[in-house]
Amino acid sequence: MFFEAFPRIAELVGVDVVQQKGCNLVIAMPGDTDHVPTHRDAPLNSNFEVVCWVPLVDCYGTKSMKILDWAQTDDALKVLQAQGYEAYNQYAIENGTVLKLDFGSACLFWAGLVHTVVTNSTQETRWSLNHRYKNYWAPYGEKGSGYFEMLRLSPLTEVGIG
């Protein structure tokens, strides 16, 4: 999957690409209420990151995740500031778009977009991976450069950094 996605990743972040060192596995069993709260990865992570979300099963409805677009993210952050986390969470649940992805597909999204999950009310477990990519030269965020490893550098960058 990665090799098919790399041209799009490079188009988004540039040719000098670093990736997070590990890949995150997320398991959402039916009825499990213990899940990651509504959030966005940036600015804690770099504002210059792309998240690659890869479902290992067909994902739909509550067996998927919801994501807000740019304008909705801006509105959600205003709700968070004015009304607090519970209102922010409710806004994301009510306004987020459910990602319907089949096994074998992936979704690339900006780390600054608000995303959330709700309790999986299906009878099937959701298994998914997430992995982050960014340009070598872009700011790294609070996690720092140690969170990443080189994936691909342009010939000029290889010469320049020796």
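Please refer to the structure higher up on the page.
Position numbers for residues count from 1 along each chain, tracking the sequence in the order it is written. Since the coordinates come from a predicted model, pLDDT governs what is reported: local features require at least 70, and pairs of side-chain atoms require 80 or more to be given and counted, while whole-chain, interface and lining totals use all residues. Hydrogens are left out, water is left out, and the side-chain values use all remaining heavy atoms of the structure.

## Description of the environment of Asp32
Condition: Secondary structure is summarised from DSSP: a helix means a run of H or I of at least four residues, a strand means a run of E of at least two, and numbering begins at the N terminus for each. Any pair of N or O atoms that falls within 3.5 Å is considered a polar contact. Within protein, one atom must be able to donate a hydrogen and the other to accept it, and sequence-neighbouring residues count only if both atoms are side-chain atoms.
Residue position: Asp32 is located in the loop between β2 (24-28) and β3 (49-55). Taking the C-alpha atoms as reference points, Asp32 and Ser121, 89 residues apart in sequence, are found 8.6 Å from one another. Here the side chain of Asp32 touches Asp34 through a polar contact of 2.9 Å, landing on its backbone nitrogen.

## Description of the nonpolar core
The cut-off we apply is this: Side-chain atoms within 4.5 Å link the members of a nonpolar core, which is a set of buried Ala, Val, Leu, Ile, Met, Phe, Trp, Tyr and Cys residues. For every residue, the accessible area obtained with a 1.4 Å probe (protein chains only) is divided by the maximum for its type, and the residue is called buried under 20%, exposed over 50%, and partly exposed between those limits. Residue contacts follow a heavy-atom distance rule, with two residues in contact if any of their heavy atoms lie within 4.5 Å.
Within the largest apolar cluster, 14 residues are counted, with the highest numbers of intra-cluster contacts made by Trp53, Met65, Ile67, Leu99, Cys107 and Phe109. Taken together, the elements giving at least two residues each to this core come down to β3 and β6 (107-110). Setting aside its immediate chain neighbours within four residues, Ile67 contacts Gln72, Gly96, Thr97, Leu99, Phe109, Leu113, Val114 and His115.

## Examining a nonpolar patch on the surface
Here is the rule we go by: The patches described consist of residues with a relative accessible area above 30% and no salt bridge, like charges being joined within 9 Å and nonpolar side chains (Val, Leu, Ile, Met, Phe, Trp, Tyr) within 5 Å. In this description, accessible areas are obtained by the Shrake-Rupley approach with a 1.4 Å probe, and a residue is regarded as covered only by the protein chains that are shown. Definition used for salt bridges: Asp or Glu carboxyl oxygen within 4 Å of a side-chain nitrogen of Lys or Arg.
Together, Leu25, Ile27, Met29, Leu56, Phe103 and Trp127 make up a nonpolar patch on the protein surface, roughly 580 Å² of accessible area in all. Relative to the assigned elements, Leu56 resides in the loop between β3 and β4 (66-67). Given a relative accessible area of 32%, Leu56 falls into the partly exposed group.

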